Amino acid sequence: QKNWNDTLGGLPYAIRVMTKGEKPPSRLFTHMYQDSIFCPTLPGDTPPQKRFFDVIMMGCIPVVLEFDSGQEGKKSWHQDGGHSLDNSYPWIKGSNSTHPKKEIDYRSFVVVVSGGVQNVRPTIEALMQNYTEIRRRQLTLMKYAPYFSYGMGADAHKYPDAFSKILESLRFYVDGLDSLGE
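Read on for a plain summary of the structure. In this numbering scheme, every chain counts its residues from 1 along its sequence in written order. The model is predicted, so local features are restricted to residues of pLDDT at least 70 and side-chain atom pairs to those at 80 or more, both for listing and for counting; the totals for chains, interfaces and linings are taken over all residues. Heavy atoms from the whole structure form the basis of all side-chain values; hydrogens and water molecules are not counted.

## Let's talk about the state of the cysteines
Two cysteines joined by a covalent bond between their sulfur atoms form a disulfide. The term disulfide is used for any two cysteine sulfur atoms that are within 2.5 Å. Summed over the entire model, instances satisfying the criterion amount to one disulfide. Across a sulfur-sulfur distance of 2.1 Å, C39 and C60 are joined as a disulfide pair. Across the S-S bond of C39 and C60 the torsion is about 105°, and the bridge reads as right-handed. With C39 in strand β3 (residues 38-40) and C60 in the loop between α2 (50-57) and β4 (61-65), the pair connects residues that are 21 residues apart, well separated along the chain. With respect to burial, C39 and C60 carry one shared label: buried. A run of DSSP states H or I qualifies as a helix once it reaches four residues; a run of E qualifies as a strand once it reaches two. Both are numbered from the N-terminal end. Burial status follows relative accessibility: with a 1.4 Å probe on protein chains alone, a residue under 20% of its type maximum counts as buried, one over 50% as exposed, and anything between as partly exposed.

What follows is the structure in structure tokens.
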């Protein structure tokens, strides 16, 4: 007998339990991510987790746990005392890795849960009461998602992607070096 409800905020949800030695086909997760609004990306071995970017690429809003990083005023989405956000996620706001107007504000689309895994459900249920906020997060996620994949095909250079974001970062870095030499 299960000890959880059949719905989360009135909608059905899926929990998949994996056992050691059994590797599910990757298409299982692709379909689950595409069919979901929220995808918990709980801490793993290292920050950031590949699945964090997988869910973004599938249009699913990542749900993360937040911890104190051990650095004054900085948080971690990895573990208590873990790497701070600005050292874990590419082009994150405040990282000085690209022009400030072109940094990624992950908090504008990620659902951040404080106080432990027991707060995931209440946090998501509270957010589900505000469709406008969910839609805003989805649209913001769609704006940033192309930066986490590489374009393919003859017209790939016409659209922003991870490669163009890397070049943008290099330009920002080189411009900073040029200003030091003046």
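## Focus on the side chain of H78
Within the fold, H78 resides in the loop between β6 (75-76) and β7 (111-113). Residue contacts are defined here by distance: any two heavy atoms, one from each residue, within 4.5 Å place the two residues in contact. The residues touching H78, leaving out its near neighbours within four places in the chain, are P43, G44, D45, T46, P47 and F67.

## As for the pairing of β4
For β4, the tally of buried residues reaches five of five residues, placing the bulk of the element in the interior. The alternating pattern of β4 places I61, V63 and L65 and P62 and V64 on opposite faces, both of which are buried. Of the strand pairs in this sheet, β3 and β4 are connected by three bridges, and their pairing is parallel. Bridge pairing in β4 links P40 to V63. With α2 bridging β3 and its parallel neighbour β4, the resulting β-α-β unit is right-handed. By the convention used here, strands pair only if DSSP detects at least 2 bridges between them. Look down the strands so they point away from you; if the path from the first strand over the helix to the second goes clockwise, the crossover is right-handed.

## Here's the deal with the sheet that holds β4
Pairing in this open sheet of three strands is parallel, and the strands run β3-β4-β7 from one edge to the other. Of all the strands in the sheet, the pair left with one neighbour each is β3 and β7. With direction set aside, neighbouring strand axes in the sheet form an average angle of 25°. Angles here are taken between N-to-C directions and fall from 0 to 180 degrees, while the axes themselves are lines fitted to C-alpha atoms, restricted in helices to the stretch in contact. Relative to β4, helix α4 (residues 131-144) is tilted by about 100°, and along the sheet it contacts β3, β4 and β7.

## Details of α2
Among the residues of α2, F52, F53, V55 and I56 are the ones counted as buried. For α2, the arc enclosing every buried residue in end-on projection is 160°, short of the 170-degree limit, so these residues lie on one face. Positive backbone phi, approximately 85°, marks G59, located one or two places after α2. Throughout, the arc means that of the directions going from the helix axis to the C-beta atoms.

## As for the packing of aromatic side chains
Between 30 and 60 degrees the pair is tilted, below 30 it is stacked and above 60 it is edge-to-face, where a pair is any two Phe, Tyr or Trp rings, Trp via its six-membered ring, whose centres lie within 6.5 Å. One pass over the full model with this rule turns up 11 aromatic pairs. A ring pair is formed by Y106 and F109, whose centres lie 5.9 Å apart and whose planes are at 40°; its orientation type is tilted. The exposure class assigned to F109 is buried, which follows from its relative accessible area of 0%. With a centroid separation of 5.8 Å and 40° between ring planes, the pair formed by F109 and Y144 is classed as tilted. Of this pair, F109 sits in the loop between β6 and β7 while Y144 sits in helix α4, placing them 35 residues apart in sequence. Each member of the pair F109 and Y144 is classed as buried.

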